[in-house]
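Examination of the molecular architecture
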Amino acid sequence: MQTKTWFLNFSVFILTIFAYSKALDVTQYGAVGDGVTDDSQAFLKAWEAVCSGTGDGQLIVPAGMSFMLQPLKFQGSCKSTPIAVQILGTLVASSRGKWKGDKNQWILFSDIEGLVVDGNGKINGQGSSWWEHKGSSRPTGLKFKNCNNLRLRGLTHVDSAMAHIHINGCNDVTISNLRINAPESSPNTDGIDIAASSNVAIQDCVIATGDDCIAINSGTANIRISGIDCGPGHGISIGSLGKDEGVASVEDICVQNCNFRGTMNGARIKTWPGGSGYARRITFNGITLDNVENPIIIDQHYKHGDSDKSTDDKSSAVEVSKVVYSNFVGTSKSEYGVNFRCSERAPCTEIFMKDVKINTASSGMGQVAQGQCLNVRGGVTTLAVPGLECLALSTDWGTLPEQACMLPQQSGQPDTRPSQDPLWVYGSGGKHLGVYSVVLTSLINLFWF
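It should be emphasised that the depicted structure is a prediction, and the values quoted were computed from it without experimental measurement. (Residues numbered from 1 in each chain as written. Predicted model: local features only at pLDDT ≥ 70, side-chain atom pairs only at ≥ 80, totals over all residues. Heavy atoms only, no water.)

**Topic: the overall build of the protein**
For clarity, the threshold we go by: Secondary structure follows DSSP: runs of H or I at least 4 residues long count as helices, runs of E at least 2 residues long count as strands, and numbering of each begins at the N terminus. For the exposure calls, accessible area comes from a 1.4 Å probe over protein chains only, and a residue counts as buried if that area is under 20% of its type's maximum, exposed if over 50%, partly exposed in between. The contact criterion used throughout is that any non-hydrogen atoms of two residues lie within 4.5 Å. Areas reported as accessible are Shrake-Rupley estimates using a 1.4 Å probe. Residue values count occlusion only from the protein chains shown.
Counting its secondary structure elements, the protein contains four helices and 35 strands. Counting over 449 residues, the protein shows a buried share of 53%. Expressed as a percentage of contacts within the protein between residues at least 6 apart in sequence, the contacts between residues at least 24 apart total 77%. Carbon and sulfur atoms form 51% of the exposed surface of the protein, whose accessible area is close to 19,400 Å².

Here it is as structure tokens:
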């Protein structure tokens, strides 16, 4: 009996040692978490500590609490790599009338290597007080700038004043299992915007907003998007590109196994007249459409959120080429399932369609949607409905260019479950308990019984 008692006491002692962790909790730095008190300075103090090497590179926002924050900048570089920020509670932005500081973004992570932001918490941008001021500056909800090896997963983002998430100047990014929600009427509330970034994967997210579910802007390359449930919103867009006669570059984009429900657009490419540069090697594959206004659209006459119906009035345009649409099925809200409005100055080239079947949603009889084609030069269509006179008929899939769309096929709906509970127990002040408790409990049972 004494041996068993000694072993039990020893096990508790070891458990206490292992349970101790240096992981930091924002409440340790004065955060109140009542949803009213400004907790901004407490968060900055906690970040300064974890970035300087304290806390094993782990920062915790505990569950069951709501933290009101003014605009914050979490700046690198940091001594700790990687840094994990676990958000289990709710972050709430100040309303427009009480906003202090930068109106370009609310929460900014900048120049951080190996950053992980995850959890099953919520980020609430309180955007309704901003939306009626459409012409004035409005903050992006969550922005990452120059953050390489970035992981973002599991969170719920709601009601940003403008775009919910913006990725800029980042390389090697994985975004997964997010829920992003804003009213369909909310202006410019993009789900995820990507600019000047490469090697980005976005997967298994549910996005419902008042603008693009995902927008891919200039300076991007090697982007993989899969398992997105989009709607309402404006679809998944390449662009807009070439605004203010700018030079654009977008290449090697793969959008695969995505659903569009009641969106304004499905697969969209939009460029401004007068721009230059290119958008090329773009693949949309395995797309399901449900009552989508413009299921497939290339618009090189894009202006101020609309399409200029006049003829070209600029001397240049962003060149769109090597675009593949394959395995589309579903319904169009309008009579047009495919709409290519390319520039006379720089026609679209090498546009390919295979296994596309789009009917009109309103017909009730499976009526085939129409297609229209302007200034497309060179391309192939195989088993595509609607057909387009500007694309040559072919039964040879091998005539399509080799694309960089290498994602595996997925079945079923996107997995949008939040990430699993972390190893540490947040109610215990951030101490590691889970793994060690299981191991030691097993040892105790083994010896005791």
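Having seen the model, we can carry on.
**Here's the deal with the packing of aromatic side chains**
Rules: Geometry of aromatic contacts follows a simple scheme: Phe, Tyr and Trp rings, the Trp one being its six-membered ring, pair when their centres are within 6.5 Å, and the pair is stacked under 30 degrees between planes, edge-to-face over 60, tilted otherwise. Criterion for a charge above a ring: Arg CZ or Lys NZ at most 6 Å from the ring centre, at most 35 degrees from the ring normal.
Summed over all chains, the structure comprises 10 aromatic pairs. Ring centres 5.4 Å apart and planes at 55° place the aromatic pair Trp-47 and Phe-74 in the tilted group. Of this pair, Trp-47 sits in helix 2 (residues 40-51) while Phe-74 is found in strand 5 (residues 72-75), placing the two residues 27 residues apart along the sequence. When its relative accessible area of 5% is taken as the criterion, Trp-47 is described as buried. In this structure Phe-74 comes out as buried when scored by relative accessible area, which is 5%. Where Tyr-325 meets Phe-328, the ring centres are 6.0 Å apart and the plane angle is 65°; that geometry is what we call edge-to-face. The pair Tyr-325 / Phe-328 is uniform in exposure class, with both members buried. Taken together through their ring pairs, the aromatic side chains of Trp-47, Phe-74, Phe-109 and Phe-144 make up a single cluster. Over the aromatic face of Tyr-278 sits the side chain of Arg-280, whose NZ or CZ is 3.6 Å from the ring centroid.

**Description of the state of the cysteines**
To keep things clear, this is the line we draw: Pairs of cysteine sulfur atoms within 2.5 Å are what we label disulfides.
Counted by the stated rule, this structure contains four disulfides. A sulfur-sulfur separation of 2.0 Å characterises the disulfide bridge that pairs Cys-51 with Cys-78. Taking the torsion about the S-S bond as the criterion, the Cys-51 to Cys-78 disulfide, at about -100°, is left-handed. Residue Cys-51 is located in helix 2, and its partner Cys-78 is located in the loop between strand 5 and strand 6 (83-87); the two are separated by 27 residues in the primary sequence. When sorted by exposure, Cys-51 lands in the same class as Cys-78, which is buried. Covalently, Cys-373 is tied to Cys-390 through a disulfide, its sulfur atoms 1.8 Å apart. Residues Cys-373 and Cys-390 are joined by a disulfide whose S-S torsion is about 85°; by sign, that bridge is right-handed.

**Let's talk about the sheet that holds strand 21 (residues 236-241)**
Basically, it comes down to this: When DSSP locates at least two bridges between a pair of strands, those strands are taken to pair. For helices, the fitted axis covers only the stretch in contact; all axes are lines through C-alpha atoms, and the angles between them, taken along N-to-C directions, range from 0 to 180 degrees.
Taken in spatial order, the 11 strands line up as 5-8-11-14-17-19-21-23-25-29-31 in an open sheet, and their pairing is parallel. Strands with a single pairing partner mark the edges of an open sheet, and in this sheet they are strand 5 and strand 31 (370-374). Mean inter-strand twist for the sheet, computed between neighbouring axes without regard to direction, equals 15°. Contacts between helix 2 and the sheet are confined to strand 5 and strand 8 (105-110), with strand 5 contributing the most and set at about 5° to the helix.

**Points about the nonpolar core**
A general trend in soluble globular proteins is that nonpolar side chains are found buried together. Applied cut-off: As used in this record, nonpolar core signifies buried Ala, Val, Leu, Ile, Met, Phe, Trp, Tyr and Cys residues forming a set joined through side-chain atoms within 4.5 Å.
Judged by nonpolar contacts, the single largest core of 95 residues is most densely connected at Trp-47, Phe-109, Phe-144, Tyr-325 and Phe-340. When residues of this core are assigned to their parent elements, the largest contribution, seven residues, is made by helix 2. Filtering out sequence-adjacent residues up to four positions away, Tyr-325 remains in contact with Ala-267, Ile-269, Phe-284, Ile-296, Ile-298, Phe-340, Ile-351, Phe-352, Met-353, Lys-354 and Val-356.

**Some thoughts on the environment of Lys-73**
Worth spelling out the cut-off: Two N or O atoms count as a polar contact when they lie within 3.5 Å, although within protein this holds only if one can serve as hydrogen donor and the other as acceptor, and sequence-adjacent residues are included solely when both atoms are side-chain atoms.
Mapping Lys-73 onto the fold places it in strand 5. For Lys-73, a relative accessible area of 48% translates into the label partly exposed. Sequence separation between Lys-73 and Trp-47 is 26 residues; the distance between their C-alpha atoms is 9.7 Å. Other than its neighbours up to four places away in sequence, Lys-73 contacts Leu-44, Leu-108 and Ser-110. In terms of polar contacts, Lys-73 uses its side chain to reach the side chain of Gln-75, at 3.2 Å.

**A few points about the confidence of the model for the protein**
As a reminder, the rule being used: The predictor attaches a confidence to each residue, called pLDDT, with possible values from 0 through 100.
Across the protein, the average pLDDT comes to 84, with 80% of residues at or above 70. In this model, residues 4-20 is a region of pLDDT below 50 whose contacts with residues beyond four sequence positions or in other chains number 18 contacts. pLDDT under 50 marks residues 406-449. Its contacts with residues more than four places away, or in other chains, come to 86 contacts.

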